Amino acid sequence: MLAAITGPDAGDPSSVPSRLEFDASAPVRGLKVGYIEKWMGESPATDIDRAALGTIRSLGWCRWL
C-alpha cells in the first residue's frame, strides 16, 4: 500500500515529490504514537478508536499531546 501512495500526485498541484519508507522487520520497541487526548473524548472519535488507543496504551506506545 505504501508504494501506491508514495510520490507526487499528478492530480494534486499541492503535492510534492516524496518517499515513504517503512521497514516491516524493524522492532516496535520504542515506538511512540502521539495523539491529542481531548479529541479522543469527543466526536468524531468512536468507541473503536478509544479501544484501539487502549491497546496502544497497554503496549506503552502512547505520548499525550
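None of these values were measured; they are calculated from a predicted model.

Definitions and limits used
Residues numbered from 1 in each chain as written. Predicted model: local features only at pLDDT ≥ 70, side-chain atom pairs only at ≥ 80, totals over all residues. Heavy atoms only, no water. Salt bridge = Lys/Arg side-chain N within 4 Å of Asp/Glu carboxyl O. Helix = DSSP H or I, 4+ residues; strand = E, 2+ residues; numbered from the N terminus. Buried < 20%, exposed > 50% of the residue type's maximum accessible area, 1.4 Å probe, protein only. Contact = heavy atoms within 4.5 Å. pLDDT = per-residue confidence, 0-100. Expected span 1.5 Å × (residues − 1).

Enquirer: When you look at the pattern of salt bridges in this model, what are you seeing that I'm missing?
Expert: Per the stated rule, a full pass over the model turns up 2 salt bridges. The partner of R50 in a salt bridge is D47, with the nearest N and O atoms 3.2 Å apart. Note that R50 and D47 are positioned in helix α3 (residues 47-58) at a spacing of 3 residues, about one turn of the helix. Of the residues examined, R50 reaches a relative accessible area of 33% and is grouped as partly exposed. With a relative accessible area of 59%, D47 lands in the exposed category.

Enquirer: For this particular structure, what's the right way to read the environment of K32?
Expert: If you trace the backbone, K32 turns up in the loop between α1 (2-5) and β1 (33-35). Accessibility expressed as a relative area gives 52% for K32, which makes it exposed. For the pair formed by K32 and G60, sequence separation is 28 residues and the distance between their alpha carbons is 8.0 Å. Excluding its chain neighbours within four sequence positions, the residues that come into contact with K32 are G60 and W61.

Enquirer: Please explain the confidence of the model for the chain as it appears in this structure.
Expert: Regions with low pLDDT should not have their predicted coordinates read in detail. Of the residues in the chain, 91% have a pLDDT of 70 or more, and the chain-wide mean is 82. Looking across the chain, the model is least confident in strand β2 (residues 62-64), with a mean pLDDT of 64, and most confident in α3, with 90.

Enquirer: What is the right way to read α3 from this model?
Expert: Given 3.6 residues per helical turn, the α-helix brings residues three or four places apart onto the same face. Taking 1.5 Å of rise per residue, the 12 residues of α3 would be expected to cover 16 Å, and the 16 Å separating its terminal C-alpha atoms lies within 8% of that figure. Downstream of α3 by one or two residues, G60 has phi in the positive range, about 75°.

Enquirer: Can you help me understand unusual backbone geometry in this one?
Expert: Where the residue is not glycine, phi is negative for most of them; where a peptide bond is considered, it is trans in most cases. Here S43 and P44 are connected by a cis peptide whose omega angle stands at 15°. You can see P44 is positioned in the loop between α2 (37-40) and α3.

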